[in-house]
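Understanding the architecture of this molecule
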Amino acid sequence: MHIFFDDTKQKWALYRRIVPEFSERMIANDSDRERPGVDRYYRSYSYAESEDLKEWKNHQFILAMDADDPADTELYQFACHKFGATYVGYMSVYYLRHPQPIDIHLATSRDGIHFTRVCRGTPFIPSGPLGYYDYMAMACSQPKPIVVHDTVYLYYAAFNSPHDADRSGDSSFYTGGAALATFKRDRFASLETGIADAGPCRVITKPFVLGMPGCT
């Protein structure tokens, strides 16, 4: 589903969707064709890496929805890129309820394998209303962040119909294409009180050291 060249590892990194209920193998073989269907897929993600795009190693399961997520959600798509020293991941969370939107959530990692959810339960790019151009904001798949001056440009695939839409009839009103979200550099997330006009607030963090070039 997503591949990019990791400059830090000097390897190609592959993020691939798997369905553990169907096959725990990450590379299909002919015997899979004879496997019976399952009642419910549970989409998850795996990782692999390669130096030559031919031989893939370090296959491992990396990410799925868990017990703290709503029971009717699956990880439909996942992609990431490096932003400085941090891997920024975009999780497309698919809701099995009706209708069936997809929101894009945020995750971060230091190694591109172990990801931490950011603002769990809050979409980074929420889907639009049913029928809107990005009702199913399915995927962000940029190999590198696009930064122009102080603005980050994030492109994602967008569709306006439910996942289970009946396309047997006239589906000419179903559309899909590329969409764009922008935000200020380094402002992937923010802290909010949830109370309008709350006034000054205080945030307590772990101790850390600030360093600036030319300062002692």
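The rules behind the values
Residues numbered from 1 in each chain as written. Predicted model: local features only at pLDDT ≥ 70, side-chain atom pairs only at ≥ 80, totals over all residues. Heavy atoms only, no water. Pairing = 2+ DSSP bridges. Helix = DSSP H or I, 4+ residues; strand = E, 2+ residues; numbered from the N terminus. Axes fitted to C-alpha atoms, helices over the stretch in contact; angles between N-to-C directions. Salt bridge = Lys/Arg side-chain N within 4 Å of Asp/Glu carboxyl O. Buried < 20%, exposed > 50% of the residue type's maximum accessible area, 1.4 Å probe, protein only. Phe/Tyr/Trp six-rings, centres within 6.5 Å; stacked < 30°, edge-to-face > 60°. Lys NZ or Arg CZ within 6 Å of the ring centre and 35° of its normal.

1. Concerning the sheet that holds strand S1 (residues 2-6)
- Strand order in this open sheet of four strands is S1-S2-S3-S4, and the pairing throughout is antiparallel. Bordering the open sheet on either side are S1 and strand S4 (57-63), each of which pairs with just one other strand. The average undirected angle you get between the axes of adjacent strands in this sheet is 25°.
- Pairing geometry for S1 and strand S2 (residues 11-18), over five bridges, is antiparallel. When the sheet's bridge partners are listed, phenylalanine 4 is paired in S2 with alanine 13.

2. Looking at the pattern of salt bridges
- Tallying each qualifying case throughout the model produces six salt bridges.
- Put simply, glutamate 49 and lysine 11 hold a salt bridge, and the shortest N to O gap is 3.3 Å. Here glutamate 49 is found in strand S3 (residues 44-50), whereas its partner lysine 11 is found in strand S2, with 38 residues between them in sequence.
- Using a relative accessible area of 11% as the deciding quantity, one classes glutamate 49 as buried.
- What emerges from the salt-bridge pattern is a single network uniting Asp66, Asp69, Arg117 and Arg120.

3. Comments concerning the packing of aromatic side chains
- Here the structure, examined in full by the defined rule, presents 11 aromatic pairs.
- Note on phenylalanine 124 and phenylalanine 183: the rings are 5.5 Å apart at their centroids and 80° apart in plane angle, and the pair reads as edge-to-face. Within this pair, whereas phenylalanine 124 is found in the loop between strand S8 (115-118) and strand S9 (136-140), its partner phenylalanine 183 is found in strand S12 (residues 176-184), the two being separated by 59 residues in sequence. Per residue, the accessibility class of phenylalanine 124 equals that of phenylalanine 183, and both read buried.
- Following the ring pairs from residue to residue traces out a cluster consisting of Phe4, Tyr15, Tyr45, Tyr47, Phe78 and Phe115.
- Here the guanidinium or amino end of arginine 17 rests over the ring plane of tyrosine 76, the centre of that ring lying 4.6 Å away.
- Geometry around tyrosine 87 places lysine 82 over its ring, the cationic atom sitting 4.6 Å from the centre.

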